[in-house]
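Summary of the model geometry
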Amino acid sequence: MSADVVVVGAGAGGLAAARALGARGLRVVVLDRQRTPASIAKGEILQPETVRILDGWGVLDALRATGARPVDQLAIRDPQGRALLALDYGTLPGSHRQILCADYGDLRGVLADGLPGTVELRWGQRVTGPLRAADGRVTGVRVTGGDGEQDIPAALVVAADGMSSPLRKAVGIDVERREYPHGLVAFDVPGVEVADEVSAYRTDRGLCLVYPLPGGRCRVYVQVTPGEFRGHSAADLAAWCDRLLAGVPAIRPLGSALRASLHRRQLLSVYRLRAAQLTVPGLALVGEAAHAVHPMAAQGVNSSLADAETLAATLTADGDRPDATGVDRALRNYDTARRPQLDHIATVSHNAARMITSVSGLPRLLGARMMRRTAANPRLLGLTAGNLSGTNVRPLSLVDRIYQLGLLTDRHAHPPVPPAPQRSERR
């Protein structure tokens, strides 16, 4: 068999690429080594620009029907729940001005259900490597699965096979990969109602992130040190939970449900990853194969869907089904269009993460200072909201950074307002 495009990986990024390319009339085969989709805590905060993309693909209503929770505000709060910095997404430009909190599995499900008839999705297929022409161009993939080994020729291969990306390694694309000095433990907490807000608590232990999920649930991420959860008994875990609740009084109403969820926790390492390039002739990287950022800024899956939209637009810009020469020209355009955007997202995400996750020393002091100055400056608040939401991306200038540090006074700043009242969590 052959196809116009082979997409390797059926996560949200791979399915989005298949959806976008298939909708433009291309014959797409999606391959995933898993026999069934795995459940993992990731990609649940969909920024307004991603909501726009999903709406354009005709799957937004289906995602809303899963119970996805609309959210108007992202706030950084102290352990007692007092606002340190709040971003009101209702002030954003355009028609999509809300975050959507959705299950990653539901997102993947609606993308799969909405695939055009030109797309074939095949589970339990392990890609063993790329096919190459004499000049080195990627011309397809070799696959093993239930039908044995076979070659699938294609004009384009899309590597959406995750951070470890065997395809990326096989074609020789270098990456810069750095692990943060902390991890995250994720809890899926049922039977609770939390505020319609993405709440990032800045605590003595670092980040505690809480947001609503469908079905009367919420997600809780807690920053942990390496090895913090190794070899713990049930009594040790209960004591850990008690210390967490004592240190973050704002989440105490979640205490009983959080304790009941301890056995379902997921421990996550946190990385920064950036590929040196997004393409080689015949192959494009999408999603975590190309980039990964700290979850604090909620940019990971959003960037993956934007990759898919941009790739489809560049590949079919000339209107015809491209030949190998046209594909490679489009891939160069994809790299040119996306890499500056991804560099910007990486910078925004890292700066936001350091502001919240630093637990001592100068980084923590500077983070607190930058939050105060940003919160007191409506222009900087608007820039920050536009950058995180993806609706109005404008990198902060050096002068803006100086304003954030308080080394210069911005004429747009005003005195800090009294903290917003604590948003209590409801059982």
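Provided above is the structure to which this section pertains.
In what follows, the accompanying structure is described. Computed from a predicted structure; not experimentally measured. (Residues numbered from 1 in each chain as written. Predicted model: local features only at pLDDT ≥ 70, side-chain atom pairs only at ≥ 80, totals over all residues. Heavy atoms only, no water.)

Digging into helix α1 (residues 12-22)
Here α1 lies mainly inside the structure; 11 of its 11 residues are buried. Buried residues of α1: A12, G13, G14, L15, A16, A17, A18, R19, A20, L21 and G22, and no others. The inward-facing, buried residues of α1 abut β1 (3-8), β2 (28-32), α4 (104-113), β8 (119-123), β11 (148-159) and α8 (300-315). (Buried < 20%, exposed > 50% of the residue type's maximum accessible area, 1.4 Å probe, protein only. Helix = DSSP H or I, 4+ residues; strand = E, 2+ residues; numbered from the N terminus. Contact = heavy atoms within 4.5 Å.)

Digging into unusual backbone geometry
The backbone of A298 sits at a positive phi, close to 55°, despite the residue not being glycine. With respect to the secondary-structure elements, A298 resides in the loop between β19 (291-292) and α8. On the basis of relative accessibility, which here comes to 9%, the residue A298 falls in the buried class.

Things to note about the pattern of salt bridges
A side chain with one charge can pair with a side chain of the opposite charge if their charged atoms come near. Overall, the coordinates contain 22 salt bridges when judged by the stated rule. In this structure, the salt-bridge partner of R82 is D78, at a minimum N-O distance of 2.9 Å. Classification of R82 by relative accessible area gives partly exposed; the value is 41%. Note that R122 and E120 form a salt bridge whose closest N and O atoms lie 3.9 Å from each other. Judged by its relative accessible area of 11%, R122 is buried. E120 sits in the partly exposed class, given a relative accessible area of 38%. Here the salt bridges share partners, and the residues they tie into one network are E49, R52 and E309. (Salt bridge = Lys/Arg side-chain N within 4 Å of Asp/Glu carboxyl O.)

A closer look at the pairing of strand β9 (residues 126-132)
Here six bridges tie β9 to strand β10 (residues 138-145), and the two strands are oriented antiparallel to one another. Bridge assignment links R126 to a residue of β10, and that residue is T144. The antiparallel pairing of β9 with β10 creates a hairpin that spans five residues between the two strands, and G136 there sits at a positive phi of about 95°. (Pairing = 2+ DSSP bridges.)

Here's the deal with the nonpolar core
The nonpolar side chains of soluble globular proteins are, as a tendency, buried together. Membership of the largest hydrophobic core comes to 71 residues, with the highest contact counts inside it found for L54 and W57. Apart from the residues lying within four places of it in its own chain, the contact partners of L54 are L46, V59, L60, L63, L107, L111 and L305. One finds V198, V270, M355 and A385 within the second-largest nonpolar core, a separate group that totals 35 residues. (Core = buried A, V, L, I, M, F, W, Y, C linked by side-chain atoms within 4.5 Å.)

Here's the deal with helix α2 (residues 48-56)
Along an α-helix, a turn takes 3.6 residues, which lines up residues three or four apart on a common side. For α2, every residue scored as buried is listed here: P48, T50, V51, I53 and L54. Where the residues of α2 are buried, they touch β3 (45-46), α3 (60-64), β7 (99-101), α4, α8 and α11 (378-389). Positive phi appears at G58, one or two residues downstream of α2, with a value of about 80°.

Description of the sheet that holds β7
Sheet architecture is open: three strands sit in the order β3-β7-β4, paired in antiparallel fashion. For this open sheet the edge positions go to β3 and β4 (69-71), each flanked by a neighbour on one side alone. As paired elements, β3 and β7 share two bridges and run antiparallel to each other. Across the sheet, the residue bridging to L46 is L100, located in β7.

Section: the packing of α11 against helix α12 (residues 398-405)
Two elements in contact, α11 and α12, have axes separated by 11 Å at closest approach and are oriented at 120°. Taken together, α11 and α12 sit at an angle that is classed as oblique. Handedness of the α11/α12 crossing: left-handed. Residue-level contacts link R379, L380 and L383 of α11 to D400, Y403 and Q404 of α12. Broken down by class, the residue content of the contact of α11 with α12 amounts to three nonpolar, one polar and two charged. (Axes fitted to C-alpha atoms, helices over the stretch in contact; angles between N-to-C directions. Parallel < 35°, antiparallel > 145°, perpendicular 65-115°, else oblique. Left-handed = near helix turned anticlockwise from the far one by under 90°. Nonpolar A, V, L, I, M, F, W, Y, C, P; charged D, E, K, R; others polar.)

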